[in-house]
Amino acid sequence: MTQLTDELVTFLEGEKLVMLSTIDYENETPNVSAISWVKSVDKGNIRFSVTTNSRTVQNVKHHAGVVLTVIGLETVYSIQGKATILEEAMAGVSLKLAKINVEIDQVMETMFWGAKITTEPKYEKTYNKKKAEELDEEVYKALMN
């Protein structure tokens, strides 16, 4: 597949744990990060946000190719694409966060044969719940602008 399915677009509307793979800009090795501010813009693009001082920002500047690993819908998806930094510091967000777009090249189901995911990964924010919700709202709004 070369784009997201309707199910994946809908799945990425909620807060999801997504693994992001980039190529480290200094030592050319794979770098994997857990991210949660992820939204599908449409079937061909995904946007995410990380702190401006994240190694991910430098990695994307040097190597546009990325893979987003999504665990859900009873399987595992590897979404390959080209990342572009749209904003190094998003306006209207109280933290210094970069906005990064991934233009999707390929979507592959990568779950091993004969199995399915029975429980999706979940996470819990461990800081002030009200502030977390306010920040999430700022980030998701800025990601889609």
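This one's a predicted model, so the numbers in the text were calculated from it and none came from an experiment.

Participant: What's the story with the sheet that holds strand β4 (residues 45-51) in this structure? I'm lost.
Facilitator: The strands making up a sheet are joined through hydrogen bonds of the backbone, oriented either antiparallel or parallel. Strand order in the open sheet formed by seven strands is β2-β1-β5-β6-β7-β4-β3, with antiparallel pairing between adjacent strands. The sheet is open, and its two edges are formed by β2 (30-35) and β3 (38-42), each paired on a single side. Neighbour-to-neighbour, the strand axes of the sheet open up by a mean angle of 35°, direction not taken into account. Two elements, strand β1 (residues 18-23) and β2, share six bridges in a ladder whose sense is antiparallel. Opposite Ile23, over in β2, you have Pro30 as the bridge partner. Across the sheet, helix α3 (residues 129-144) touches β3, β4 and β7 (97-109), and the angle it forms with β3 is around 25°.

Participant: Just checking my understanding: could you explain the environment of Ile104 for this structure?
Facilitator: Locating Ile104 in the fold gives a position in strand β7. Relative accessible area serves as the criterion here: at 8%, Ile104 is assigned to the buried category. Considered as a pair, Ile104 and Gly44 are 60 residues apart in the sequence and their alpha carbons are 5.3 Å apart. Ile104 has contacts with Thr2, Gln3, Leu4, Lys43, Gly44, Asn45, Ile46, Ile79, Gln80 and Gly81, leaving out every residue within four places of it along the chain.

Here is what the cut-offs are and how they apply
Residues numbered from 1 in each chain as written. Predicted model: local features only at pLDDT ≥ 70, side-chain atom pairs only at ≥ 80, totals over all residues. Heavy atoms only, no water. Pairing = 2+ DSSP bridges. Helix = DSSP H or I, 4+ residues; strand = E, 2+ residues; numbered from the N terminus. Axes fitted to C-alpha atoms, helices over the stretch in contact; angles between N-to-C directions. Contact = heavy atoms within 4.5 Å. Buried < 20%, exposed > 50% of the residue type's maximum accessible area, 1.4 Å probe, protein only.

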